[in-house]
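Geometric and topological summary
The lines below spell out each chain.
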Amino acid sequence: MNYSLRQLKVFITVARAKSFSRAGEMIGLSQSAVSHSVKELEHQTGVKLLDRTTREVVLTEAGQQLAIRLERLLDELNSTLREAGRVGQQLAGTVRVAASQTISAHLIPQCIAASNQRYPEIDFVLHDRPQRWVLESIRQGEVDFGIVIDPGAVGDLQCQPILSEPFFVLCRDDHPFAGLESVEWQALQGTRMVLQDYASGSRPLIDAALAHHAIEANIVQEIGHPATLFPMVEAGIGISILPALALPLPQGSQLMVKRLTPAVDRQLMLARRKNRSLSTAAQALWDVVGQQAQALTAARAHDPLYQT
């Protein structure tokens, strides 16, 4: 049957008011529109629902049975819709967020702390994985959203830039680079390097910068976890290139970082599935992450390491 919710509501109103004119006044329709709606419903059900007289409208037996059942169903529907509205507006529940290891270690802790203080009823659940897994988990709906390094042209994701940060050279304090204010990309020619592997979202950006400056990379080790870069470089295996978010350096280490010139930045982005709405709780945490990234940018503005 091709009936509408509007027709059912009109019929129930007429059944209660026992008048087309009074029903029209109650729901904001003309008497003729109310009468037409009821006639359409009778046509679609194939039974007469109302007996019309000059003085009143009387329900037929079929109309009485339908009115009784419809009242229960419509009440239940209204309750269901109200409950859905409450759930959708709740700043409570579990929100799952995915991010790569460096982002998880050096940005997300502040985000979780701010979330816990502002929204104590929201559980911020972190999925700490390589970028490729992060992107796939967003696409599969396993997490509400993720924080990623600019993934390039992706038509199935909605991305919002939140942080731009430079790459640095990581070296020992006895390396020739240690005495320089900054290091030119050309100086990396032939230098032994330890880099993260291609599970990292930064690696394609580093490769592109090396290629742009016609540097033949002498990569002696490729590692998976960013924290492994520090002991590798400190052991003298090679220098490295790392993003600002990998800082600070381990306490007591013999390591230093130097700006690379010309500067090459990476963009961090919030990412979620395109054309999919976030819950109120997820949107709140999305905003928290963006605000924490802004705070970090403001703090770096006064650090000489970030001055070009």
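Residues numbered from 1 in each chain as written. Predicted model: local features only at pLDDT ≥ 70, side-chain atom pairs only at ≥ 80, totals over all residues. Heavy atoms only, no water.

Under an unreviewed UniProt entry, the protein chain has the name DNA-binding transcriptional LysR family regulator and belongs to Scandinavium goeteborgense.

Overview of the domain arrangement of the protein chain
When its domains are assigned, the protein chain resolves into domain 1 (5-87), domain 2 (93-162 + 267-306) and domain 3 (166-266). For domain 2 versus domain 3, the distance between C-alpha centres works out to 25 Å. Of the residues lining the interface, 16 residues belong to domain 2; the matching set on domain 3 comes to 19 residues. Across the domain 2/domain 3 interface, buried area totals approximately 1500 Å², and carbon plus sulfur atoms make up 65% of it. Inspection of the domain 2/domain 3 interface yields 3 residue pairs in polar contact (both at pLDDT 80 or more). Contributions of two or more residues to the side of domain 2 that touches domain 3 are made by α5 (101-106), α7 (131-139), β12 (265-273) and α10 (280-300). It is α5 that contributes the most residues to the side of domain 2 that touches domain 3, 4 residues altogether. The residue inventory of the side of domain 2 that touches domain 3, partitioned by class, reads 9 nonpolar, 5 polar and 2 charged. (Domains from an automatic or database assignment. Contact = heavy atoms within 4.5 Å. Buried area = accessible area lost by both parts, 1.4 Å probe. Polar contact = N/O pair within 3.5 Å; in protein donor to acceptor, adjacent residues only side chain to side chain. Helix = DSSP H or I, 4+ residues; strand = E, 2+ residues; numbered from the N terminus. Nonpolar A, V, L, I, M, F, W, Y, C, P; charged D, E, K, R; others polar.)

Notes on α7
Every buried residue of α7 is accounted for by Gln131, Val134, Leu135, Ser137 and Ile138. All buried residues of α7 project into a common sector of 165° when viewed along the axis, lining one side. The secondary structure elements touched by the buried residues of α7 are β3 (93-99), β5 (145-149), β6 (157-172) and β12. In the stretch just after α7, Gly141 is the one whose phi turns positive, near 75°. (Buried < 20%, exposed > 50% of the residue type's maximum accessible area, 1.4 Å probe, protein only. Arc of directions from axis to C-beta.)

Some points on the packing of helix α2 (residues 20-27) against helix α3 (residues 31-45)
The geometry of a pair of packed helices is captured by two quantities: the angle between their axes and the separation between those axes. Viewed as axis vectors pointing N to C, α2 and α3 meet at an angle of 105°, and their least axial separation amounts to 8 Å. For the element pair α2 / α3, the angle class is roughly perpendicular. Across the interface between the two elements, Phe20, Ser21, Ala23, Gly24 and Ile27 from α2 touch Gln31, Val34, Ser35 and Val38 from α3. (Axes fitted to C-alpha atoms, helices over the stretch in contact; angles between N-to-C directions. Parallel < 35°, antiparallel > 145°, perpendicular 65-115°, else oblique.)

Topic: the nonpolar core
Inside soluble globular proteins, nonpolar side chains tend to come together where they are buried. If you look at the biggest cluster of nonpolar residues, it comprises 28 residues, and the most contacted ones within it are Val95, Ile103, Phe145, Ile147 and Ile162. Among the secondary structure elements, those contributing two or more residues to this core are β3, α6 (108-118), β4 (122-128), β5, β6, β12 and α10. The element contributing the most residues to this core is α10, with 8 residues. Contacts of Val95, omitting those with residues within four sequence positions, involve Ile122, Asp123, Phe124, Val125, Asp144, Phe145, Ala281, Ala282 and Leu285. (Core = buried A, V, L, I, M, F, W, Y, C linked by side-chain atoms within 4.5 Å.)

What to know about the pattern of salt bridges
Under the definition given, this model contains 9 salt bridges. A salt bridge links Asp207 to Arg203, with the shortest nitrogen-to-oxygen separation between them at 2.9 Å. Highlighted residues: Asp207 and Arg203, both in helix α8 (residues 203-212), separated by 4 residues, approximately one helical turn. Relative accessible area serves as the criterion here: at 22%, Asp207 is assigned to the partly exposed category. By relative accessible area, which is 3% here, Arg203 ends up buried. Salt bridges here are not isolated pairs; linked through shared partners, they connect Glu165, Arg266 and Arg300. (Salt bridge = Lys/Arg side-chain N within 4 Å of Asp/Glu carboxyl O.)

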